[in-house]
2 protein chains.
Amino acid sequence: MNSTAQRPRVIIIGSGFGGLFAARALARADVDIRLIARTTTHLFQPLLYQVATGILSPGEIAPATREVLAHQDNVQVELGDVTAVDVTSKTVTATTLDVPRTYSYDYLIVAAGAAQSWFGHDEFADFAPGMKSIDDALELRGRIFGAFELAELAAADGRHEEAKALTTFVVVGAGPTGVEMAGQLAELSHRTLKHDFRHIDPRNSTIYLMDAAGAVLGSFDESLQAKTRRAMEKLGVDVLLNAKVVDVDARGLAYQDEAGETHRIQALTKVWAAGVAASPLARQLADQVGIEVDRAGRIPVQDDLTLPGHPEVFVVGDMMALDNLPGVAQVAIQQSRYAAKKIKADLGGKPVTEPFAYFDKGNMATISRFRAIAEIGKIKVTGFVAWLLWLGVHLVYIIGFKSRVTTLLRWAVSFLGRGRAERNITEQQVFGRMAMHRADNLPGRAARNLGWKSDDQD
Amino acid sequence: MNSTAQRPRVIIIGSGFGGLFAARALARADVDIRLIARTTTHLFQPLLYQVATGILSPGEIAPATREVLAHQDNVQVELGDVTAVDVTSKTVTATTLDVPRTYSYDYLIVAAGAAQSWFGHDEFADFAPGMKSIDDALELRGRIFGAFELAELAAADGRHEEAKALTTFVVVGAGPTGVEMAGQLAELSHRTLKHDFRHIDPRNSTIYLMDAAGAVLGSFDESLQAKTRRAMEKLGVDVLLNAKVVDVDARGLAYQDEAGETHRIQALTKVWAAGVAASPLARQLADQVGIEVDRAGRIPVQDDLTLPGHPEVFVVGDMMALDNLPGVAQVAIQQSRYAAKKIKADLGGKPVTEPFAYFDKGNMATISRFRAIAEIGKIKVTGFVAWLLWLGVHLVYIIGFKSRVTTLLRWAVSFLGRGRAERNITEQQVFGRMAMHRADNLPGRAARNLGWKSDDQD
């Protein structure tokens, strides 16, 4: 492993499920791996909503990538934003604090994932943050708990309309993330916070779950869609379907119903869980090999996950398009393992010829504590049993024994009890970003951050 | 408790040890309590250094104040920055998002604490953040772990001088906070991170612990001072005493030694644990009653913790001066309980006449895992036994059973094992604040925050 002769160089872009599992799958390969990522952590995205709603801490769902890979000698982890890939010269350029560095590769695995998409309305992002990063989750945490703080003051002052708008939450997008977020907002309002205030009753909060399509959990079986919708409504969530968001601002949003009529909801806190857009690297690669990305910006890959004419370039996970595979962790994990296997076989002189085949382990989503839905092939499970399944599967995929133990503990505290251990809002959020909530103030991202007040200020 | 007749109004300013324990001590009093604080949480300041070094999450040392007091019906918690107190009209003005609200009180307990002081050099604050808030701890966490990330890149590029400056840490102030911070930086460098990098060896990091005075832990017995100093040096910390910081910038700091000679240290990461300045409310109150604050901005109180001529106004904790009492949690806790007792006795028509008496339960500081020093009256304890004492005492004062359990678990992971569960750096820090580290860039706080990059940016 430590020979000084140059070993084949594998560059992996991204530290999500695709990137991390690709690196791990190459653990025993005689290669030099460079894993380049924009963040220092491996983020377990499916649990972001629990960070946003105060159940988990960022560390529990985002261990440091280099800690996870510390004992894998053939990999070096590097913090950098990959701005360019050149498949002809076989180089990758990564930038960190404006310093660009260019590396050559023999094999490339691109697993840069997808970001939130506001469907061409990036101006919505300030008012309805996405759910894709730790930053997003902490931003939303500050807004959610901050909204209750301000509602308490508004109600005490007799500004009841303001208090109402502050305790109205809209989740845009009724996929698994949206459903889980809305469910947790309901739990929070109706259970966790019920004794915490004196002038408002958090149980009177309004939570909307909205989708432009006609169903919740569109990717699941219809029977589960209906069950989930009923369960959400029972939790006190207002489900609005066939509702297309046409405008979002600091004070609320407007949507168009099926009949083309426009309605407005006054809601200070909005969560955008609607669309995704593949990493811009997808388009960059597509241009170089003369193919087109799809509507979500994903690059079509060949059945062995490579690019046409470039058997050494693999694209895996959320940023590729193949056979309508969904943007879920399992696809990224299985694809990264397949890519690793191809590389190892290629190095061993015995190429793998069978195409990538996805083994669908099923889909699941939690609705509330003790309640989930799961779809495994033709089997459909709902309620407590599905929730236990969810619990088990998520514990398995949380990296590291210690995080598993503390996460289980937090869940016990939050689900059996009523606590939320991680309700902390930073002062920056209180005195800076929460200024967003001011009626007369609709600042952009930069202005929002300028509100920072130092400790020693009176 | 719920009579509609107006009950005596008690306003408490601050949610630290003084404010929270005052509210709790009045739990069964027939009063209306309004607790106003700038943050939404009760911060356990003595463990901030563990948040900064990735052992604990913010939630574990900062539970929501209103959650702690949820079931105490006679108290309402309010988020606000108290900008004015008028002891003549008996009113307090609090501001939240520019909306001022003025409240009358019958009794006032001011427990607004102290902020970091850079001894008249506030321009140092950008480059050497303090250790007083969750924001401070998260800022330092980002800088510490970020520095290692950048050092790895610098070393890979052959910029060894840069890598050296990035892995040099200076802690200014050798009180308990400074000692604990330096000790944890040593643990982090020499133990936690030792397998995580490929181009640097974190064990070669340099950690300075610096003080203008001639001893570490100046407030402790001399034998313990010497022991602590030796223990720090054994951990690999360079202790610089009689060293007065004269300049701090993004790249390092300059200090004057005893002989008046100036030296410079190249160190990207500096921590300021040196001085404190009482809340500006102390001066405001002092002006109104015609007394002077001391050098640290603290207001001298009478022996019953009230202001001259105002038996209804108590000042407790870090912002008052009385009998040279130290700025520690125990003083704030005991004083707030005394103030509550006085108020209850006053309401009952049987005034308390004996002055406040401080019962010194002792002092302690951790040096490294398994090692602490403690001073309880004339008894001095060091090593593992003192560390067990430290463990017990801190667990008792951490609020809430659940946080005790998870904290104990984190400690097991970090001290028995090598993990740091909370190493997460936000993207804002990576792409915004970490820009601080650029040699050619010495921005102020605002500029630093402007560096924010959105997810969807390529």
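Scroll up to find the structure.
Residues numbered from 1 in each chain as written. Chains lettered and ligands numbered in written order. Predicted model: local features only at pLDDT ≥ 70, side-chain atom pairs only at ≥ 80, totals over all residues. Heavy atoms only, no water.

Draft legend 1. A look at the side chain of Thr 96 of chain B. Structurally, Thr 96 of chain B is set in strand 5 (residues 91-96). For Thr 96 of chain B, a relative accessible area of 7% translates into the label buried. At 2.6 Å, the side chain of Thr 96 of chain B and the backbone oxygen of Leu 79 of chain B are in polar contact. Among the polar contacts made by the side chain of Thr 96 of chain B, one reaches the side chain of Arg 101 of chain B at a distance of 3.1 Å. Leave out the neighbours within four places in its chain, and Thr 96 of chain B touches Leu 150 and Leu 153 of chain A together with Leu 79, Gly 80 and Arg 101 of chain B. (Helix = DSSP H or I, 4+ residues; strand = E, 2+ residues; numbered from the N terminus. Buried < 20%, exposed > 50% of the residue type's maximum accessible area, 1.4 Å probe, protein only. Polar contact = N/O pair within 3.5 Å; in protein donor to acceptor, adjacent residues only side chain to side chain. Contact = heavy atoms within 4.5 Å.)

Draft legend 2. Structural detail: the packing of helix 5 (residues 134-156) of chain B against helix 7 (residues 176-192) of chain B. Residue and element names in this part refer to chain B. Where helix 5 meets helix 7, the axes come as close as 13 Å, and the angle between the chain directions of the two elements is 30°. The way helix 5 lies across helix 7 gives a crossing that is right-handed. Along the contact surface, helix 5 presents Ile 144, Phe 145 and Phe 148, while helix 7 presents Met 181, Leu 185, Leu 188 and Ser 189. Of the residues contributing to the contact of helix 5 with helix 7, the split by class is 6 nonpolar, 1 polar and no charged. (Axes fitted to C-alpha atoms, helices over the stretch in contact; angles between N-to-C directions. Left-handed = near helix turned anticlockwise from the far one by under 90°. Nonpolar A, V, L, I, M, F, W, Y, C, P; charged D, E, K, R; others polar.)

Draft legend 3. Molecular detail of the sheet that holds strand 21 (residues 363-368) of chain A. Residues and elements named next belong to chain A. The strand order across the open sheet built from 3 strands is 21-22-23, with neighbouring strands paired in antiparallel fashion. Two strands close off the open sheet at either side, each with one partner strand: strand 21 and strand 23 (379-382). Pairwise comparison of adjacent strand axes, ignoring direction, gives a mean angle of 10° for this sheet. The sheet contact formed by strand 22 (residues 371-376) and strand 23 spans 4 bridges and is antiparallel. Note that in strand 23 the partner of Ile 376 across the bridge is Ile 379. Sheet strands in contact with helix 11 (residues 383-397) are strand 21, strand 22 and strand 23, and its direction is about 75° off that of strand 22. (Pairing = 2+ DSSP bridges.)

Draft legend 4. Structural view of the nonpolar core. One finds Ile 299 and Trp 411 of chain A to be the most contacted residues of the largest nonpolar core, which totals 132 residues. Here the element with the most residues in this core is helix 5 (residues 134-156) of chain A; it accounts for 12 residues. Filtering out sequence-adjacent residues up to four positions away, Ile 299 of chain A remains in contact with Ala 282, Leu 285, Ala 286, Ile 291, Val 293, Leu 307, Val 315, Met 319, Met 320 and Ala 321 of chain A. Grouped together as the second largest cluster of nonpolar side chains are 131 residues, Phe 17, Val 77, Leu 150 and Met 364 of chain B included. (Core = buried A, V, L, I, M, F, W, Y, C linked by side-chain atoms within 4.5 Å.)

Draft legend 5. Just the packing of aromatic side chains, in detail. One pass over the full model with this rule turns up 22 aromatic pairs over all chains. Ring geometry for Phe 370 of chain B and Phe 384 of chain B: centres 6.1 Å apart, planes at 70°, overall edge-to-face. Residue Phe 370 of chain B is found in the loop between strand 21 (363-368) and strand 22 (371-376), and its partner Phe 384 of chain B is found in helix 11 (residues 383-397); the two are separated by 14 residues along the sequence. Owing to a relative accessible area of 27%, Phe 370 of chain B belongs among the partly exposed residues under this scheme. Under the relative-accessibility criterion, Phe 384 of chain B is labelled partly exposed at 46%. Taken together, Phe 370, Phe 384, Trp 387 and Trp 390 of chain A form an aromatic cluster joined through their ring pairs. Lying over the aromatic face of Phe 21 of chain B, Arg 24 of chain B brings its terminal NZ or CZ to 5.9 Å of the ring centre. Over the face of the ring belonging to Tyr 103 of chain B we find Arg 34 of chain B, whose NZ or CZ atom lies 3.6 Å from the ring centre. (Phe/Tyr/Trp six-rings, centres within 6.5 Å; stacked < 30°, edge-to-face > 60°. Lys NZ or Arg CZ within 6 Å of the ring centre and 35° of its normal.)

Draft legend 6. Spatial organisation of the sheet that holds strand 15 (residues 269-272) of chain B. Residue and element names in this part refer to chain B. Strand order in the open sheet formed by 4 strands is 11-10-9-15, with parallel pairing between adjacent strands. Because the sheet does not close on itself, it has two edges, and the strands there are strand 11 (237-240) and strand 15. Strand-to-strand, the axes of this sheet are offset by a mean angle of 20°, without reference to chain direction. As judged from the 5 bridges shared by strand 9 (residues 168-172) and strand 10 (residues 206-210), these two strands associate in the parallel manner.

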